[in-house]
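Spelled out from the first residue to the last, the chains are:
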Amino acid sequence: GQQLNQSPQSMFIQEGEDVSMNCTSSSIFNTWLWYKQDPGEGPVLLIALYKAGELTSNGRLTAQFGITRKDSFLNISASIPSDVGIYFCAGFTGANSKLTFGKGITLSVRP
Amino acid sequence: DGGITQSPKYLFRKEGQNVTLSCEQNLNHDAMYWYRQDPGQGLRLIYYSQIVNDFQKGDIAEGYSVSREKKESFPLTVTSAQKNPTAFYLCASSPRDRYQGFFGQGTRLTVV
């Protein structure tokens, strides 16, 4: 089946640093989504991307839909302690409403 | 307020018993989804439904069943046939034409 690759599994950064996360796939997706999940809670949608090449910002977060439609990245600028959590990418083909998730990256921010 | 509600937050069941997890949304979304989350596994799709009275199997449907009798409700039954049911279960909904998955807070099921 379709798979989304996120690596590394964990990232550790210093407060105030920028961090970038990639998500890649061997398949083409029509929609890319980025989510953040806090422990014991449901994922919260951060950014949705619907067009190849699209660059979208949400506060300190910026995400881009890759031109090939097989990748996306998320950038967090000037990190703060509350950025800690698991960040998931997800892709949607639109063919049958099936959404595929990456395994997530756990972000830790040192004060 | 509009949103998606899962209940209960925590659920305990004895092995061999069926259990039904509730998912309700008042966002008027056509599509609804059930995911299972295990540590280090990400989210895996169990079942999804695009319209009332219709649903499709996801990647790990064995041992689960669903119904979609109303647009706002998509309950998931974890049957005794599910070999490893202890997990965190997440329900999501979305408009059909422009995917924006909105998740509930999840139900943590523990089978003892």
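Residues numbered from 1 in each chain as written. Chains lettered and ligands numbered in written order. Predicted model: local features only at pLDDT ≥ 70, side-chain atom pairs only at ≥ 80, totals over all residues. Heavy atoms only, no water.

A. View of the overall build of chain A. When helices and strands are tallied, chain A shows zero helices and eleven strands. Ordered by position in the sequence, the α and β elements of chain A form the string β-β-β-β-β-β-β-β-β-β-β. Relative to the globule expectation of 13 Å for 111 residues, the C-alpha radius of gyration of chain A, 13 Å, shows essentially globular dimensions. The dimensions of chain A, computed from C-alpha atoms along their principal axes, are 45 × 30 × 20 Å. Residue burial in chain A is summarised as follows: out of 111 residues, 44% are buried. Long-range contacts, defined here as pairs at least 24 residues apart, represent 54% of the contacts in chain A between residues at least 6 apart. Looking at chain A as shown, the accessible area adds up to about 5,100 Å², and 51% of this sits on carbon and sulfur atoms. Side chains of chain A give 8 positive and 8 negative charges; the mean places of these two sets differ by 12 Å. (Helix = DSSP H or I, 4+ residues; strand = E, 2+ residues; numbered from the N terminus. Rg over C-alpha atoms; globule rule 2.2 N^0.38 Å. Buried < 20%, exposed > 50% of the residue type's maximum accessible area, 1.4 Å probe, protein only. Contact = heavy atoms within 4.5 Å. Areas by Shrake-Rupley, 256 points an atom, 1.4 Å probe, with all protein chains shown as cover. Lys, Arg positive; Asp, Glu negative; His and termini not counted. Charge placed at Lys NZ, Arg CZ, Asp CG, Glu CD.)

B. Molecular detail of the pattern of salt bridges. If you walk through the whole model with that rule in mind, you get six salt bridges over all chains. As a salt-bridge pair, Asp38 of chain A and Lys36 of chain A come within 2.7 Å of each other at their nearest N and O atoms. The exposure class of Lys36 of chain A is buried, given its relative accessible area of 14%. Asp30 of chain B is paired through a salt bridge with Lys71 of chain B; the nearest N and O atoms lie 3.5 Å apart. A residue pair is termed long-range when its members are at least 10 positions apart, and Asp30 of chain B in the loop between strand E3 (19-25) and strand E4 (31-38) and Lys71 of chain B in the loop between strand E7 (64-66) and strand E8 (76-78) qualify at 41 residues. When its relative accessible area of 30% is taken as the criterion, Asp30 of chain B is described as partly exposed. Because the salt bridges share partners, they merge into one network encompassing Arg36, Asp38 and Arg44 of chain B. (Salt bridge = Lys/Arg side-chain N within 4 Å of Asp/Glu carboxyl O.)

C. Fine view of the sheet that holds strand E8 (residues 71-76) of chain A. Residue and element names in this part refer to chain A. A sheet is described by the order of its strands in space; here five strands give the open sequence E1-E3-E8-E7-E6, paired in antiparallel fashion. Two strands bound the open sheet, and with one partner strand each, they are strand E1 (4-5) and strand E6 (55-58). Pairing of strand E7 (residues 61-65) with E8, which is carried by five bridges, proceeds in the antiparallel orientation. Across the sheet, Leu61 pairs through a bridge with Ile76, a residue of E8. (Pairing = 2+ DSSP bridges.)

D. Structural view of the interface of chain A and chain B. In this complex, chain A contributes 20 residues to the contact, which on the side of chain B involves 21 residues. Approximately 1,800 Å² of surface area, both sides summed, lies buried where chain A meets chain B, with 54% of it carried by carbon and sulfur atoms. Glu41 of chain A is the partner of Lys9 of chain B in a salt bridge, and the nearest nitrogen-oxygen pair spans 3.9 Å. On the surface where chain A and chain B come into contact, there are six residue pairs in polar contact (both at pLDDT 80 or more). Those elements that place two or more of their residues in the side of chain A that touches chain B are strand E4 (31-37), strand E9 (85-92) and strand E10 (99-101) of chain A. Counting residues per element, the side of chain A that touches chain B draws most heavily on E4 of chain A, which supplies four residues. Along the lines of polarity and charge, the residues of the side of chain A that touches chain B split into nine nonpolar, eight polar and three charged. (Buried area = accessible area lost by both parts, 1.4 Å probe. Polar contact = N/O pair within 3.5 Å; in protein donor to acceptor, adjacent residues only side chain to side chain. Nonpolar A, V, L, I, M, F, W, Y, C, P; charged D, E, K, R; others polar.)

E. Layout of the side chain of Ser79 of chain A. The topology assignment puts Ser79 of chain A in the loop between E8 and E9. Those residues in contact with Ser79 of chain A that sit more than four places away from it in its chain are Ile13, Gln14, Glu15, Gly16, Glu17, Arg60 and Val109 of chain A.

F. Here's a closer look at the packing of aromatic side chains. Inspection of every chain in the model, using the stated rule, returns 14 aromatic pairs over all chains. Here Phe101 of chain A and Tyr35 of chain B contribute two aromatic rings whose centre-to-centre distance is 5.3 Å and whose plane-to-plane angle is 80 degrees, an arrangement assigned as edge-to-face. On the criterion of chain membership, the pair formed by Phe101 of chain A in strand E10 and Tyr35 of chain B in strand E4 is interchain, its members lying in two chains. Three or more aromatic residues link up through ring pairs in this structure, and these residues are Tyr35, Phe88, Phe92 and Phe101 of chain A together with Tyr33, Tyr35, Tyr48, Tyr99 and Phe103 of chain B. The side chain of Arg68 of chain B reaches across the aromatic face of Phe74 of chain B, ending 5.9 Å from its centre. (Phe/Tyr/Trp six-rings, centres within 6.5 Å; stacked < 30°, edge-to-face > 60°. Lys NZ or Arg CZ within 6 Å of the ring centre and 35° of its normal.)

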